[in-house]
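# Analysis of the macromolecular model
One letter stands for each residue in the lines below.
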Amino acid sequence: MKRHPIRDALAVVALALFCVCGVELAVARYKDPALYDDLTAPAREAFESARVQFSENIAKLRAEAEQRRAERELRRQQELERQRELERQRELQRQRELAATELAIQMASRPIIEEKLVPADPAITELRNEDGVELLTGGNVDIVYYNQGDEQWSEKLFGSDPIGSYGCGPTALAMAAASMTDNKDADPESVSLWAYRAG
């Protein structure tokens with residue numbers, strides 16, 4: 001390694017000045033505190049100014065980092081909300097398509113009868129009204145008859161759909177319940193409500 005005599009000499013001089021100044025300051029601190037304060041005041045002020053500036057810079061950097069973190073969190077929340085909204089829109093679209101296709105085939109409509117049908121033997125089966133209840137007779141058990149299109153409940157809801165269009169299942173169940181149990185309050189409206197709540 002090549003030595004540089006001038007650089008080495010400057011280093012020795014600087015070290016000597018540092019040592020001499022340090023010793024003089026140490027002596028002045030104990031022998032003449034006022035002189036020591038006068039000599040070190042600029043250095044103390046510069047140090048204090050640098051410390052305050054450093055603290056302010058650290059606080060500023062921390063505030064900026066916190067702001068960036070808050071902005072990232074806000075963007076993340078907005079992205080999550082956007083994803084949730086997209087998922088809700090897709091689910092609504094899926095439900096609309098399902099309602100328009102699969103559920104549409106379940107809609108009940110009035111039967112188209114070209115000619116008036118007469119039962120071959122009314123004694124075997126007939127629709128009879130007893131105490132305000134329509135009964136279908138002729139079997140082992142008289143069946144309470146409900147028509148889902150009856151204005152009494154056709155516009156009532158089975159979930160979000162009218163019984164008149166979508167309530168064939170609850171209507172049939174109401175007929176079975178009213179006919180085969182003592183529950184005379186079973187009708188398409190009450191059974192539709194029960195079925196919807198039961199899932």
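Residues numbered from 1 in each chain as written. Predicted model: local features only at pLDDT ≥ 70, side-chain atom pairs only at ≥ 80, totals over all residues. Heavy atoms only, no water.

### Quick notes on the pattern of salt bridges
By the definition in use, this model includes 9 salt bridges. A salt bridge links Arg51 to Glu48; the nearest nitrogen and oxygen atoms lie 2.6 Å apart. Here Glu48 and Arg51 lie together in helix H2 (residues 33-100), a separation of 3 residues that amounts to about one turn. Of the charged contacts in the structure, one is a salt bridge between Glu91 and Arg94, with a shortest N-O distance of 2.7 Å. Remark: Arg94 and Glu91 occur in helix H2; sequence separation between them is 3 residues, near one turn of the helix. (Salt bridge = Lys/Arg side-chain N within 4 Å of Asp/Glu carboxyl O. Helix = DSSP H or I, 4+ residues; strand = E, 2+ residues; numbered from the N terminus.)

### Topic: the nonpolar core
The nonpolar side chains of soluble globular proteins are, as a tendency, buried together. Core analysis: the biggest nonpolar cluster contains 10 residues, these being Leu135, Val144, Tyr146, Trp153, Ile163, Ala174, Met175, Ala178, Ala186 and Val191. If one sorts the elements of this core by residue count, helix H4 (residues 168-180) sits on top with 3 residues. What Ala174 contacts, discounting residues up to four positions off in sequence, is Tyr146, Ala186, Asp187, Pro188 and Val191. (Core = buried A, V, L, I, M, F, W, Y, C linked by side-chain atoms within 4.5 Å. Buried < 20%, exposed > 50% of the residue type's maximum accessible area, 1.4 Å probe, protein only. Contact = heavy atoms within 4.5 Å.)

### A look at the packing of aromatic side chains
Within the structure shown, the criterion is met by 1 aromatic pair. Taking 5.4 Å as the distance between ring centres and 80° as the angle between the ring planes, the aromatic pair formed by Tyr146 and Trp153 counts as edge-to-face. Take Tyr146 and Trp153: they sit in the same class, and that class is buried. (Phe/Tyr/Trp six-rings, centres within 6.5 Å; stacked < 30°, edge-to-face > 60°.)

### Overview of a nonpolar patch on the surface
A cluster of nonpolar residues, Leu25, Leu35 and Leu39, forms a patch on the protein surface that exposes about 240 Å² of accessible area. Along the chain, Leu25 turns up in helix H1 (residues 5-31). Of the residues examined, Leu25 reaches a relative accessible area of 31% and is grouped as partly exposed. (Patch = residues over 30% accessible without salt bridge, like charges linked within 9 Å, V, L, I, M, F, W, Y side chains within 5 Å. Areas by Shrake-Rupley, 256 points an atom, 1.4 Å probe, with all protein chains shown as cover.)

### Considerations on the sheet that holds strand E1 (residues 126-130)
Taking strand neighbours across the sheet as the criterion, the 3 strands line up as E1-E2-E3 in an open arrangement whose pairing is antiparallel. The two strands at the open ends of the sheet, each matched to only one other strand, are E1 and strand E3 (143-144). (Pairing = 2+ DSSP bridges.)

### Focus on the environment of Thr171
You can see Thr171 is positioned in helix H4. In this structure, the C-alpha to C-alpha distance between Thr171 and Ala186, residues 15 residues apart in sequence, is 9.4 Å. Setting aside chain neighbours within four positions, we find Thr171 in contact with Tyr146, Asn147, Gln148, Ile163 and Pro188.

### Quick notes on helix H5 (residues 188-198)
Inspection of H5 places Pro188, Val191, Ser192 and Ala195 among the buried residues, and these make up the whole buried set. All buried residues of H5 lie within an arc of 105° about the axis, which places them on one face of the element. Relative to its buried face, H5 has exposed residues pointing more than 90 degrees away, namely Trp194 and Arg197. Those residues of H5 that are buried lie in contact with strand E4 (157-158), helix H3 (163-166) and H4. Two or three places before Glu189, at the opening of H5, Asp187 has a side-chain oxygen 3.1 Å from that residue's backbone nitrogen. Positive backbone phi, approximately 85°, marks Gly199, located one or two places after H5. (Arc of directions from axis to C-beta. Polar contact = N/O pair within 3.5 Å; in protein donor to acceptor, adjacent residues only side chain to side chain.)

### Some thoughts on the packing of H4 against H5
Between H4 and H5, the least distance of the axes is 8 Å, while the angle of their chain directions is 115°. Here H4 runs over H5; the crossing is right-handed. Along the contact surface, H4 presents Pro170, Thr171, Leu173 and Ala174, while H5 presents Pro188, Val191, Ser192 and Trp194. Its residues assigned to classes, the contact of H4 with H5 shows 6 nonpolar, 2 polar and no charged. (Axes fitted to C-alpha atoms, helices over the stretch in contact; angles between N-to-C directions. Left-handed = near helix turned anticlockwise from the far one by under 90°. Nonpolar A, V, L, I, M, F, W, Y, C, P; charged D, E, K, R; others polar.)

### Thoughts on the pairing of E1
Relative to strand E2 (residues 133-137), E1 runs antiparallel, the two being bridged by 5 bridges. Among the inter-strand pairings, Leu127 is bridged to a residue of E2, identified as Leu136. Between E1 and E2, which follow one another and run antiparallel, lie 2 residues, and Asp131 among them has a positive phi close to 50°.

The quantities given are spatial measurements derived from coordinates; they are silent on function.
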